[in-house]
Amino acid sequence: AAKAEGKGRSQIFHTQMDIDYHYRQRLKADLREAVAEGELGLVFQPLLDIATRKVVSCEALVRWTHPEFGPIPPATFIPLAEEMGIISSITAWVIENATHECRSWSSPVGVGVNVSARDFRGVDLPALIDRALTQSGLAPGRLEIEVTETALIEERDLAGSVLQTLADKGIAIALDDFGTGYSSLSYLSALPFTKLKIDRSFVVDIAEDPRALRLLANVARLGRDLDLMVVAEGVETEEQLNVMLSETSVQQVQGYFFSRPLPAKDVAELIERFNGKPMVSTRPENVRV
Ligand code: C2E
Ligand code: MG
Ligand code: MG
Ligand code: MG
């Protein structure tokens, strides 16, 4: 009986592996086509000053809707694009579009874009960015580059020199998803960051758990001590926002409480609607404007 059971299981195992393998191959082929045909999309999520509730910038996030399987998360397709060596075309496209959109907004808020570890080797980022800024007419001070710690581990020296070149132009450099990678602390002083984005895993429990709140408060203070702009990701509730404001030195917030990532047209409208004024949450139960 044990043997039959074992055999059955291993068949299921192979079948599942086959499905995964074929699914990935299919996604890769379709992703290549989607990138070539310009079928990716961009959404933008506001970052707000915590004290004034004014929008300070928006992060550009890439989207892919597969014709058959529906929306595929970037956490799934970005690693595939990296494997396939086509991430730099995505990055180039994102930077061109994001700078263009940002230039069209009615108030001078900034725009953030995510770059991948592979981009440091795969493309001349400073040249690509110069071109995008020139073509869009956007001031360098309104652009922000977000890099994850994982990206830095893979390309530390190269990343350091590219980021310095960008920082020298006045472009903001954010360390993204802070606290989730490895040996993160050493990067903070070694590389030219201007901004620290604390991962949302540090935010999720702060309204209920005093120790979680102390941890966030201390990570934020570390960032402030190093003269970094400190951002908290993943703020979903008013309670989280309130304890953050009263108990930590976090300066900017991003999260579903204020707004989900929005299509370009909707974020442009949002910026125009709150134009320089404090924003209220766009969650339906909170909208008062
Ligand atoms: P990220 O750069 O840390 O982006 C923030 C992610 O958190 C986004 O997920 C956003 O939708 C999500 N988020 C924002 N507020 C909340 C919240 O209140 N609660 C929760 N649960 N989630 C929230 P998304 O769009 O799925 O992107 C995932 C990751 O994919 C990004 O993490 C980034 O690392 C990567 N990514 C997205 N767009 C690009 C891109 O254009 N290029 C590259 N290289 N990576 C990208
Ligand atoms: Mg990011
Ligand atoms: Mg992030
Ligand atoms: Mg994140």
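Each remark here, short or long, concerns the structure printed above.
Residues numbered from 1 in each chain as written. Chains lettered and ligands numbered in written order. Predicted model: local features only at pLDDT ≥ 70, side-chain atom pairs only at ≥ 80, totals over all residues. Heavy atoms only, no water.

Engineer: What is the right way to read the site of ligand 1 from this model?
Structural biologist: As a matter of local geometry, ligand 1 sits amid 21 residues, with Arg-63, Asp-176, Asp-177, Glu-236 and Tyr-256 nearest to it. The side chain of Arg-63 places a nitrogen or oxygen atom 2.8 Å from an oxygen atom of ligand 1. For ligand 1, an oxygen atom lies 2.9 Å from a polar atom in the side chain of Asp-177. Computed on the free molecule, ligand 1 has an accessible area of 810 Å², of which 83% lies beneath the protein chains in the complex. The site holding ligand 1 turns out to be the largest pocket. Elements represented by at least two residues in the shell around ligand 1 include exactly β2 (55-66), α2 (74-84) and β6 (172-178). Here the shell around ligand 1 takes four residues from β2, the largest share from any one element. (Near = heavy atom within 4 Å. Polar contact = N/O pair within 3.5 Å; in protein donor to acceptor, adjacent residues only side chain to side chain. Areas by Shrake-Rupley, 256 points an atom, 1.4 Å probe, with all protein chains shown as cover. 1 Å grid on protein atoms, 1.4 Å probe; cavity = no way out; pocket = protein on both sides within 12 Å on 5 of 7 lines; lining within 4 Å. Sits in = over half its atoms within 2 Å of the grid points. Helix = DSSP H or I, 4+ residues; strand = E, 2+ residues; numbered from the N terminus.)

Engineer: I keep staring at the pairing of strand β4 (residues 110-114) and nothing clicks. Help me out?
Structural biologist: For a regular strand, side-chain orientation follows a simple rule: the groups alternate between the two sheet faces. With four of five residues buried, β4 lies mostly within the body of the structure. For β2 and β4, the ladder comprises three bridges, and the chain directions are parallel. Opposite Cys-58, over in β4, you have Val-111 as the bridge partner. (Buried < 20%, exposed > 50% of the residue type's maximum accessible area, 1.4 Å probe, protein only. Pairing = 2+ DSSP bridges.)

Engineer: Explain the nonpolar core to me, please; I cannot follow it from the model alone.
Structural biologist: A general trend in soluble globular proteins is that nonpolar side chains are found buried together. Formed by 87 residues in total, the largest nonpolar core has its most connected members in Leu-31, Phe-44, Ile-145 and Met-244. Per-element accounting of this core gives the leading share, seven residues, to helix α3 (residues 87-104). Setting aside its immediate chain neighbours within four residues, Met-244 contacts Ile-50, Val-203, Ile-206, Leu-216, Ala-232, Val-235, Val-250 and Val-253. (Core = buried A, V, L, I, M, F, W, Y, C linked by side-chain atoms within 4.5 Å. Contact = heavy atoms within 4.5 Å.)

Engineer: Help me understand the coordination of the magnesium ion (ligand 2), please; the structure alone is not making it clear to me.
Structural biologist: Geometrically, a metal with four donors at the corners of a regular tetrahedron has ideal angles of 109.5 degrees, and one with six donors at the corners of a regular octahedron has ideal angles of 90 or 180 degrees. The coordination sphere of the magnesium ion (ligand 2), as far as protein atoms go, consists of Glu-59 (OE), Asn-114 (OD1), Glu-146 (OE) and Asp-176 (OD), spread over 2.0 to 2.2 Å. Going along the chain, you hit the donors of the magnesium ion (ligand 2) in the pattern E-x54-N-x31-E-x29-D. A separation of 3.5 Å is found between the magnesium ion (ligand 2) and the magnesium ion (ligand 3), which are bridged by Asp-176. Here the residue Asn-114 occupies a position in strand β4, and Glu-146 occupies one in strand β5 (residues 143-148), the gap between them amounting to 32 residues. Classification of Asn-114 as partly exposed rests on a relative accessible area of 30%. (Donors = N, O, S within 2.8 Å, 3.2 Å for Na, K, Ca; no water.)

Engineer: Got a minute to help me understand the pattern of salt bridges in this structure?
Structural biologist: When charged atoms on two side chains of opposite charge get close, those side chains can pair. For the structure on display, the rule yields 12 salt bridges. One salt bridge connects Glu-59 with Lys-197, and the closest N-O pair in it is separated by 3.0 Å. Of the two residues, Glu-59 sits in strand β2 while Lys-197 sits in strand β7 (residues 195-198), which places them 138 residues apart along the sequence. In terms of burial, Glu-59 and Lys-197 fall into one category: buried. A salt bridge links Lys-265 to Asp-266; its shortest N-O distance comes to 3.7 Å. What makes Lys-265 exposed here is its relative accessible area of 58%. (Salt bridge = Lys/Arg side-chain N within 4 Å of Asp/Glu carboxyl O.)

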